[in-house]
Amino acid sequence: MRFDLSSLGVMALAVASALSTAWWLNHADAGGQAHAATPAAIHAPATGGPAQVLKAADGHYWAEALIDGKAVRVMVDTGASVVVLTPEDAARLGLRLKSGDFSATVITASGPVSAAPVALQTVAVAGARVEHVEALVVERGLPHSLLGMSYLGRLSSFSATPVGLTLRP
């Protein structure tokens, strides 16, 4: 197996991002801004039926997620440790964040970014529904929200084909 310098840099950035997010999730204080979720609820299995997400012309998997009852266009991202929301999507969901809520720093492909932890009551894509989902709201720099592993990891499985993704609760 051969690694070039840019591949090694991307891999190091991905590992640093995952470790930063994991540390942050273990140590961050949401300051009462997010809905409380018990540890048992965070690990509750997904419910509903399978969902199909078609691959877009740009090569990404885009889904219309129903987050806390409101539609949010998200890009499915298995490299994101948690669901990540843009400030605009967070505001549409009714999350009222102050500058002090952005107390954590996460490392993204674009560099370090301030983020605020939130707990989403429900995230559903078609019939695949997960309750009490951990998420981050980034302060800036993200063009669209991401459907990350705090949702995907709670499904019984998800699989990709050249045409689309199948999400199974």
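Undergrad: Give me the lowdown on the pairing of strand β7 (residues 111-125), citing residues and values where you can.
TA: Buried residues dominate β7, accounting for 12 of its 15 residues. In terms of strand pairing, strand β3 (residues 62-67) meets β7 through 3 bridges, oriented antiparallel. Across the sheet, the residue bridging to Ile67 is Val123, located in β7. Sheet analysis places strand β6 (residues 104-108) next to β7, joined by 5 bridges and oriented antiparallel. Within β7, the position partnered with Thr105 by the bridge is Ser114. Here β6 folds back onto β7, and the loop between the two strands holds 2 residues.

Undergrad: Please provide a residue-by-residue account of the side chain of Asp89, values included.
TA: Summarising the element assignment, Asp89 is placed in helix α3 (residues 87-92). What makes Asp89 buried here is its relative accessible area of 12%. Among the polar contacts made by the side chain of Asp89, one reaches the side chain of Ser145 at a distance of 2.6 Å.

Undergrad: Give me the lowdown on the side chain of Ser145, citing residues and values where you can.
TA: Here Ser145 shows up in strand β9 (residues 145-147). From its side chain, Ser145 meets the backbone nitrogen of Thr86 in a polar contact 3.1 Å long.

Undergrad: Which residues make up the environment of Val137, and what are the values?
TA: Mapped onto the fold, Val137 is located in strand β8 (residues 128-138). With 35 residues separating them along the chain, Val137 and Phe102 place their C-alpha atoms 8.1 Å apart. Those residues in contact with Val137, other than ones at most four positions away along the chain, are Leu85, Thr86, Pro87, Ala90, Leu95, Leu97, Phe102, Ser114, Ala115, Ala116 and Val118.

Undergrad: Please set out the sheet that holds strand β10 (residues 157-160) residue by residue, giving values where relevant.
TA: Spatially, the 3 strands line up as an open sheet ordered β2-β11-β10, and their pairing is antiparallel. Each having just a single partner strand, β2 (51-54) and β10 make up the two edges of the open sheet. Across the sheet, the mean angle separating the axes of adjacent strands is 15 degrees when strand polarity is ignored. Looking at chain direction, β10 and strand β11 (residues 164-168) are connected through 4 bridges and run antiparallel. Paired with Ser159 across the bridge in β11 is Thr166.

Undergrad: Break down the nonpolar core for me, citing the residues and quoting the values.
TA: Counting 32 residues, the largest nonpolar core has Leu120, Val125, Leu147, Tyr151 and Leu167 as its most contacted members. Residue assignment for this core shows that the elements contributing at least two residues are β2, β3, β4 (70-76), β5 (83-85), β7, β8, α4 (149-152) and β11. In terms of nonpolar packing, the next biggest core, distinct from the first, is built from 11 residues, Trp62, Met75, Val106 and Leu136 among them.

Undergrad: Run through the pattern of salt bridges, naming residues and quoting values.
TA: Scanning the entire structure with this criterion turns up 2 salt bridges. Ionic pairing is found between Arg92 and Asp89, a salt bridge with its closest N-O pair at 3.4 Å. Taken as a pair, Arg92 and Asp89 lie in helix α3 at a separation of 3 residues, close to a single helical turn. Residue Arg92 is classed as partly exposed on the basis of its relative accessible area of 44%. Notably, a salt bridge pairs Glu131 with Arg129, separated by 3.4 Å at the nearest N-O pair. Among the residues examined, Glu131 registers a relative accessible area of 37% and is labelled partly exposed.

Calculation notes
- Residues numbered from 1 in each chain as written.
- Predicted model: local features only at pLDDT ≥ 70, side-chain atom pairs only at ≥ 80, totals over all residues.
- Heavy atoms only, no water.
- Buried < 20%, exposed > 50% of the residue type's maximum accessible area, 1.4 Å probe, protein only.
- Helix = DSSP H or I, 4+ residues; strand = E, 2+ residues; numbered from the N terminus.
- Pairing = 2+ DSSP bridges.
- Polar contact = N/O pair within 3.5 Å; in protein donor to acceptor, adjacent residues only side chain to side chain.
- Contact = heavy atoms within 4.5 Å.
- Axes fitted to C-alpha atoms, helices over the stretch in contact; angles between N-to-C directions.
- Core = buried A, V, L, I, M, F, W, Y, C linked by side-chain atoms within 4.5 Å.
- Salt bridge = Lys/Arg side-chain N within 4 Å of Asp/Glu carboxyl O.

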